[in-house]
Amino acid sequence: MRAIFVAALLALSPWFSHAQETPAFDPAAPGRLTAFVYREVPATAAIKITPLDDSRENRRLAQAFERALERNGRKVDPRAGTLSLSFTTEITQSGRPGPSSGTLGVIEGSRDEARVRLNLYSTTQDSLAAGPRRSDGGTPSVRYMLTAIVEDASGSRLWQASATLNGTPAEEQTAYAAMAGVIAEEFGKMVRQRSFRVE
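What counts and how
Residues numbered from 1 in each chain as written. Predicted model: local features only at pLDDT ≥ 70, side-chain atom pairs only at ≥ 80, totals over all residues. Heavy atoms only, no water. Core = buried A, V, L, I, M, F, W, Y, C linked by side-chain atoms within 4.5 Å. Buried < 20%, exposed > 50% of the residue type's maximum accessible area, 1.4 Å probe, protein only. Helix = DSSP H or I, 4+ residues; strand = E, 2+ residues; numbered from the N terminus. Axes fitted to C-alpha atoms, helices over the stretch in contact; angles between N-to-C directions. Left-handed = near helix turned anticlockwise from the far one by under 90°. Contact = heavy atoms within 4.5 Å. Nonpolar A, V, L, I, M, F, W, Y, C, P; charged D, E, K, R; others polar. Salt bridge = Lys/Arg side-chain N within 4 Å of Asp/Glu carboxyl O.

Caption draft 1: Quick look at the nonpolar core. With 36 residues, the main nonpolar core has Ile 49, Phe 65, Leu 85, Leu 146, Trp 159 and Ile 183 as its most contacted residues. Elements with a minimum of two residues in this core: strand S1 (31-37), strand S2 (47-49), helix H2 (56-71), strand S3 (83-95), strand S6 (141-151), strand S7 (157-167), helix H3 (172-185) and strand S8 (191-196). When residues in this core are grouped by element, the largest group, 7 residues, is from H3.

Caption draft 2: Seen up close, the packing of H2 against H3. Axis separation between H2 and H3 bottoms out at 9 Å; the angle between their running directions is 35 degrees. The crossing of H2 and H3 is right-handed. Residues Glu 57, Arg 60, Leu 61, Ala 64, Phe 65, Ala 68 and Leu 69 of H2 pack against Gln 173, Tyr 176, Ala 177, Ala 180, Gly 181, Ile 183 and Ala 184 of H3. Here the contact of H2 with H3 is composed, by residue class, of 10 nonpolar, 2 polar and 2 charged.

Caption draft 3: How the structure looks around the pattern of salt bridges. In total, this model carries 4 salt bridges according to the counting rule given. A salt bridge links Arg 194 to Glu 186; the shortest N-O distance between them is 2.7 Å. Relative accessible area serves as the criterion here: at 23%, Arg 194 is assigned to the partly exposed category. Among the charged side chains, a salt-bridge network with shared partners connects Glu 185, Glu 186 and Arg 194.

Set out below in structure tokens:
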């Protein structure tokens with residue numbers, strides 16, 4: 001029995017050591033970045049930015065990537081680049097800040113009967129007469145995600161980075177530009193987890 005217990009501890013020790021290395025959440029730095037190296041990224045190779053779609057937002061983000069990479073000493077060449085950096089973006093709603101304000105009512109049902117209870121009027125909750133009551137101003141909270149992949153001319157993946165940042169819908173351009181900057185700072189490096197904030 002003792003041997004089994006010791007074996008289980010040894011098996012779990014890498015997990016515990018990784019958990020201890022994970023930094024605690026810092027509200028002042030709500031962004032997270034991880035990056036993986038598949039093969040060494042040549043330091044002097046020129047890079048071309050290739051967004052997966054040609055939307056106006058992605059064109060702006062491609063320009064933000066170009067500026068950030070050049071600030072960090074990387075050469076960007078849209079025609080002669082031997083490395084290709086592609087990226088994808090994603091936005092998910094992560095809830096509303098502040099306490100819940102209730103609903104318009106409740107529907108209860110069974111096979112034989114159904115009941116509907118409606119809030120006709122309330123000063124503290126949503127109601128038919130007064131409408132929605134939001135103590136938080138009604139601003140939703142979202143999570144932005146930006147993934148960048150670097151490939152060589154043969155299509156082999158060399159490096160990949162993923163950044164996430166919590167914010168509001170109005171901060172989309174600022175959030176993605178900041179995330180592109182952080183990805184450019186760590187370009188080609190292995191990053192287990194880095195916290196960052198938007199200045």
